[in-house]
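What the coordinates show
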Amino acid sequence: MVRELSGYLGSRDPELRDNLAYSIIATWIVDQEQLSATELISLLDEWSRNLRVGVGELGADGVLKRSFSVLCLLVLAERDLKTAFLGAARYRTLLADALAYLKHEHDLRRFDPTIGWIHATAHTADLLAGLASNPLFRIKDQGRLLDAISERLSSAQEVFTHEEQDRLALVAAAIVRRRDFDPAVFYHWLRALNAADQQVSKDSPPKLELLQASENDTYMLHGLAVDLCMGPSSPATSNALNAVLQVLRAR
């Protein structure tokens, strides 16, 4: 039945795709912990393959299957946190696939009145935040994820309007809250992001693509500040929050 439901992830009908297929899959795999490790790995392979089918196309319905396959991969990441089944090799492949998809998906539509939510960027951010909470996440991965956030926000060539920046901020917040958080990597990323955004004021009139990237970064940093305020406090999160606020005050 999960295989059958998976076939609806690319449906133009939001009731079938979102309210039924994805929601039932999530309930069975995470809440009820149905399916064996072998079955879960088979679904991992299927949904990971979906991310590469038609990626880079614009305006086609294929983005629906890719975007909702990402959500189903998040379901597997959440299940792995409850009962580990991925293992190091599969985890690293999934992380690489998620980063590649975030970079190469060109269809950035959020919501369509006919087909409902598309939201590929937000869904991929959710998956990356889940993977960043996994014990298999390595210290050296922190910089890769932070750089991926910056690249997605700067390459969009538009200002996101449906919480994409907030969802990407959750990825950064997950990194800050890790016990093995590397402050040096975080502060280097924050300085580089801020320096790139300062280029906007050096052009008159400002270049549109730089202005859009700066706006996305600002919204993301606002979201990150809120996330760090609301979550568990520690010296590391307090210091990171102060650094983010310092950048925001200067904008």
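Predicted, not measured: the structure shown is a model, and the values here were computed from it.

**Description of the packing of aromatic side chains**
Applying the stated criterion across every chain, the model contains 4 aromatic pairs. Between Phe-186 and Tyr-187, the aromatic rings sit 5.7 Å apart at their centres with planes inclined by 70°, giving edge-to-face as the arrangement. Taken together, the ring pairs in this structure connect Phe-181, Phe-186, Tyr-187 and Trp-189 into an aromatic cluster.

**Examining the nonpolar core**
Among the nonpolar cores identified, the biggest contains 77 residues, and Phe-186, Trp-189 and Leu-224 are the most heavily contacted of them. Considering each element in turn, this core owes the most residues, 11 residues, to helix α4 (residues 62-82). Other than its neighbours up to four places away in sequence, Trp-189 contacts Leu-146, Asp-147, Ile-149, Ser-150, Ala-172, Met-220 and Leu-224.

**A few points about the pattern of salt bridges**
Taken as a whole and assessed by the stated rule, the structure comprises 15 salt bridges. Residues Arg-144 and Asp-141 are paired through a salt bridge, measuring 3.2 Å at the closest nitrogen-oxygen approach. With a gap of 3 residues between them, Arg-144 and Asp-141 both fall in helix α7 (residues 139-155), about one helical turn apart. One network of salt bridges, in which partners are shared, links Arg-92, Asp-141 and Arg-144.

About the thresholds
- Residues numbered from 1 in each chain as written.
- Predicted model: local features only at pLDDT ≥ 70, side-chain atom pairs only at ≥ 80, totals over all residues.
- Heavy atoms only, no water.
- Phe/Tyr/Trp six-rings, centres within 6.5 Å; stacked < 30°, edge-to-face > 60°.
- Core = buried A, V, L, I, M, F, W, Y, C linked by side-chain atoms within 4.5 Å.
- Buried < 20%, exposed > 50% of the residue type's maximum accessible area, 1.4 Å probe, protein only.
- Helix = DSSP H or I, 4+ residues; strand = E, 2+ residues; numbered from the N terminus.
- Contact = heavy atoms within 4.5 Å.
- Salt bridge = Lys/Arg side-chain N within 4 Å of Asp/Glu carboxyl O.

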